[in-house]
Amino acid sequence: MALPACAARALGPPLQPERGAPARTTCPRRHSRVEAELAASRPGAVAASVRAGPPRGVSRGFNSQPLPDEPLKASSSLAGAARTPLLALLPRGRRRRMHDLRRRWDLGSLCRALLTRGLAALGHSLKHVLGAIFSKIFGPLASVGNMDEKSNKLLLALVMLFLFAVIVLQYVCPGTECQLLRLQAFSSPMPDPYRSEDESSARFVPRYNFSRRDLLRKVDFDIKGDDLIVFLHIQKTGGTTFGRHLVRNIQLEQPCECRVGQKKCTCHRPGKRETWLFSRFSTGWSCGLHADWTELTSCVPAVVDGKRDARLRPSRNFHYITILRDPVSRYLSEWRHVQRGATWKASLHVCDGRPPTSEELPSCYTGDDWSGCPLKEFMDCPYNLANNRQVRMLSDLTLVGCYNLSVMPERQRNKVLLESAKSNLKHMAFFGLTEFQRKTQYLFEKTFNMNFISPFTQYNTTRASSVEINEEIQKRIEGLNFLDMELYSYAKDLFLQRYQFMRQKEHQEARQKRQEQRKFLKGRFLQTHFQSQGQSQSQSHRQNPSQNLSQNPNLSANQNVTQNLIQNLTQNSSQKENRESHKQNPGQEQSDGSASNSTSDYIGSVEKWR
């Protein structure tokens, strides 16, 4: 049945779909065709076919209204016809699906249009900005406005690569410290890894005069033998961190076995079931909690060899080591630790075979602990063991009658304790400072010839650094720990002098090694040259002995000089091998002197021959 003329004029010519439009599961044109056929079968309902939906590729826009379910008003040319819409004839679920499909199609078109326009605007702005930059840099040689499409893509790729590199750098190193370190690395190609951790000058003016024997610390530690390292752990000096380094961070033939969940590790000698380390993390608190010098020197031999007969005990070398810290920082850190409930009640304080009595060592608090005590109360207690703790733990208390304060006057007692602590510290195999972690690692490695796996870390932020005190309180803490202040000044001076001495010795050995290598290579070259020259002269002499003798009357003398040079070279190489084999002997300086004399004689003979 043909459509009326008015309906045909209202519909107009059929619209063709756009080329390249995406295919959809539900085609709007099929519904339009169905509605047109229904309109042809029912006169008066042509108006509904007009609004049957946009053909393929045509959008109503984002603000298109939903399809109403009420009847539409027919046009004036179709007055009196039925006003029931054609979509009302379809099921309700199908009408809803057609409505959702139309709205999704409209939103997708809008998003694609916005994205296309946004990218175009961004590329246009970026092109102008980069064009201005290149015109400023290169002048008339570069004109980005006339760049072709390929150049624009290349430039955009470079910019995207730069942005990606910045993002990766921020992910790997989020802070600014890493970037500053990279800049410093570019500015100084060979930074010193052992520079001063406290940002002070690397060179200092020493206050004390120490002998070469005091500065040179080289322990012949035999881990396969009977030697033992004893760690004296003073409270709040960073000893826990250093103790973990000893059991977890040293390169050994047989590393310590540390199991998860256990504080102690098994540190046996290679091929033996015997420990080489006496510390908290290897043997535990075998001599009491934080045992001092007086306790360890009398307790360690008995604990290690107590089960053996006195005649069968080996002659061990006990190498004592410890860590010191700035007295004010250590005092504040101990106060914060006591505030959290620490008491150290398990400390024995054994001296001269007995612990102190309650009258000799009264307690500063009543109850189970001293938690929550203010700093003023902590400083007011005259029996507080935190006062001058480092001097007390490093000195020999038997010299002053242990904890009995009535044996000698206080001034004399303090002087004896300080001198004893300095002497014991100086004669220890090794001691380190908490404020110089990398230097501590370096000196330990050079002293015991044992290398750590990973470097030590300097922590500048601690619990003590978070405590804000005024100048008056700091002066009072220094007054309460005046012995520790004197000991720390002495220890810091000795520590830095040892460090500088070991570094200079290392540089001298490296320079001497390079010089010996150059001399050895030069000698080998001269030896080869003289041998080849001697062989050529001997062959020519065999062919025409009378002529060679008349032309070169000094040939025999030159041959004798050549043989002497070869003999000197052989002696020089043998002496070099002897120096390397006996490098650890005490008479090393004498051998070095004889080697230098032979080398100078050799060079003088070469110059004479020339």
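Since the structure is predicted, the reported quantities are computational estimates derived from the model, not experimental observations.

Asks: So what about the pattern of salt bridges? Which residues, and what values?
Replies: What the rule picks out here adds up to 13 salt bridges. In this structure, the salt-bridge partner of Glu486 is Lys422, at a minimum N-O distance of 3.6 Å. With a gap of 64 residues between them, Glu486 in helix H16 (residues 482-543) and Lys422 in helix H13 (residues 410-427) connect regions that are remote in the sequence. The class of Glu486 is partly exposed, set by a relative accessible area of 31%. Of the residues examined, Lys422 reaches a relative accessible area of 10% and is grouped as buried. Among the charged side chains, a salt-bridge network with shared partners connects Arg269, Glu274, Asp305 and Arg316.

Asks: Account for a nonpolar patch on the surface, naming residues and giving values.
Replies: Residues Leu156, Met160, Phe162, Leu163 and Val166 make up a contiguous nonpolar surface patch of roughly 480 Å² in combined accessible area. Examined against the element boundaries, Met160 turns out to sit in helix H5 (residues 149-172).

Asks: Describe the state of the cysteines, with residues and values.
Replies: Cysteine pairs can be covalently joined through their sulfur atoms, and such a bond is termed a disulfide. Under the criterion given, the structure shown has 5 disulfides. Put simply, Cys258 and Cys265 are joined by a disulfide, and their sulfur atoms are 2.1 Å apart. Handedness here is read from the sign of the S-S torsion; for Cys258 and Cys265, about 115°, the answer is right-handed. You can call Cys258 partly exposed: its relative accessible area is 27%. A relative accessible area of 3% places Cys265 in the buried class. In this model Cys364 forms its disulfide with Cys381; the gap between the sulfur atoms is 1.8 Å. As the torsion about the S-S bond is roughly -75°, the Cys364-Cys381 disulfide counts as left-handed. Taken as a pair, Cys364 in the loop between helix H10 (327-339) and helix H11 (375-380) and Cys381 in the loop between H11 and helix H12 (389-394) lie far apart in primary sequence, 17 residues in all. Counting only the cysteines that take part in disulfides, in the order they occur along the protein, gives the pairing 1-4, 2-3, 5-6, 7-10, 8-9. Here Cys373 is not disulfide-linked; the sulfur of Cys364 is the nearest cysteine sulfur, at 9.4 Å.

Asks: Mind laying out the sheet that holds strand E4 (residues 430-433), listing which residues take part and the relevant values?
Replies: In spatial order, the strands read E2-E1-E3-E4; together these 4 strands make up an open sheet with parallel pairing. Bordering the open sheet on either side are strand E2 (277-278) and E4, each of which pairs with just one other strand. Taken together, the 2 bridges between strand E1 (residues 228-232) and E2 define a ladder with parallel strand orientation. Each bridged residue has a counterpart across the sheet, and for Ile229 the counterpart in E2 is Leu277. Against the sheet, helix H9 (residues 293-305) makes contact with E1, E2 and strand E3 (318-324), and its axis sits at roughly 145° relative to E1, the strand it touches most.

Asks: How would you summarise unusual backbone geometry if you had to cite specific residues and measurements?
Replies: For Trp344, which is not a glycine, the phi torsion comes out positive at approximately 55°. Mapped onto the fold, Trp344 is located in the loop between H10 and H11. Judged by its relative accessible area of 17%, Trp344 falls in the buried class. Despite not being glycine, Cys402 shows a phi value in the positive range, around 60°. Mapped onto the fold, Cys402 is located in the loop between H12 and H13. Owing to a relative accessible area of 7%, Cys402 belongs among the buried residues under this scheme.

Asks: Run through H9, naming residues and quoting values.
Replies: Turn by turn, an α-helix covers 3.6 residues, leaving residues three or four places apart pointing in a common direction. Compared with an ideal rise of 1.5 Å per residue, which puts 13 residues at 18 Å, H9 spans 19 Å between its outermost C-alpha atoms and is within 8% of the ideal. Those residues of H9 that fall on the buried side of the exposure criterion are Trp293, Thr294, Glu295, Leu296, Cys299, Val300 and Asp305. Contacts from the buried residues of H9 go to E1, E2, E3, H12 and H13. The distance from a side-chain oxygen at the start of H9 to the backbone nitrogen of Thr294 is 3.3 Å, and the residue carrying that oxygen is Asp292.

Asks: With reference to specific residues and values, describe the nonpolar core.
Replies: In this structure, Phe242, Trp276, Leu296, Ile321, Leu394, Phe444 and Phe448 are the most contacted members of the largest nonpolar core, which totals 71 residues. With 11 residues, H16 is the single largest residue contributor to this core. If we ignore the near neighbours within four places in the chain, the residues touching Phe448 are Val219, Phe221, Ile229, His319, Ile321, Ala429 and Phe430.

Asks: Now, about the environment of Glu410: what can you tell me, with residues and values included?
Replies: Locating Glu410 in the fold gives a position in helix H13. When the C-alpha atoms of Glu410 and Val400 are compared, they prove to be 10.0 Å apart, with 10 residues separating the residues in sequence.

Asks: So what about the packing of aromatic side chains? Which residues, and what values?
Replies: Applying the stated criterion to the full structure yields 20 aromatic pairs. Through a chain of ring-to-ring contacts, the aromatic side chains of Phe221, Phe231, Phe242, Trp276, Phe430, Phe444, Phe448, Phe452 and Phe456 assemble into a single cluster. If you follow Arg389 out to its NZ or CZ, it ends over the ring of Trp344, 5.5 Å from the centre. The positively charged end of Lys439 is found above the aromatic ring belonging to Tyr499, 5.1 Å away from the centroid.

Asks: I'd love a proper account of the pairing of E1, names of residues and values included.
Replies: With 5 of 5 residues buried, E1 is to be regarded as a mostly interior element. Here E1 shows no split at all, with Leu228, Val230 and Leu232 on one side and Ile229 and Phe231 on the other all buried. Summarising the sheet, E1 and E3 pair through 5 bridges and their orientation is parallel. In the sheet register, Ile229 faces E3, and the bridge partner there is His319. On the question of chirality, the crossover connecting E1 to the parallel E2 by way of helix H8 (residues 239-248) is right-handed.

Asks: Tell me about the pairing of E4, and name the residues and values.
Replies: Neither face of E4 is left uncovered, since the one carrying Phe430 and Gly432 and the one carrying Phe431 and Leu433 both have all their residues buried. In terms of strand pairing, E3 meets E4 through 4 bridges, oriented parallel. Bridge pairing in E4 places Leu324 opposite Leu433.

Each value, and the rule that gives it
Residues numbered from 1 in each chain as written. Predicted model: local features only at pLDDT ≥ 70, side-chain atom pairs only at ≥ 80, totals over all residues. Heavy atoms only, no water. Salt bridge = Lys/Arg side-chain N within 4 Å of Asp/Glu carboxyl O. Helix = DSSP H or I, 4+ residues; strand = E, 2+ residues; numbered from the N terminus. Buried < 20%, exposed > 50% of the residue type's maximum accessible area, 1.4 Å probe, protein only. Patch = residues over 30% accessible without salt bridge, like charges linked within 9 Å, V, L, I, M, F, W, Y side chains within 5 Å. Areas by Shrake-Rupley, 256 points an atom, 1.4 Å probe, with all protein chains shown as cover. Disulfide = S-S within 2.5 Å. Pairing = 2+ DSSP bridges. Contact = heavy atoms within 4.5 Å. Axes fitted to C-alpha atoms, helices over the stretch in contact; angles between N-to-C directions. Expected span 1.5 Å × (residues − 1). Polar contact = N/O pair within 3.5 Å; in protein donor to acceptor, adjacent residues only side chain to side chain. Core = buried A, V, L, I, M, F, W, Y, C linked by side-chain atoms within 4.5 Å. Phe/Tyr/Trp six-rings, centres within 6.5 Å; stacked < 30°, edge-to-face > 60°. Lys NZ or Arg CZ within 6 Å of the ring centre and 35° of its normal. Right-handed = clockwise from strand over helix to strand, strands pointing away.

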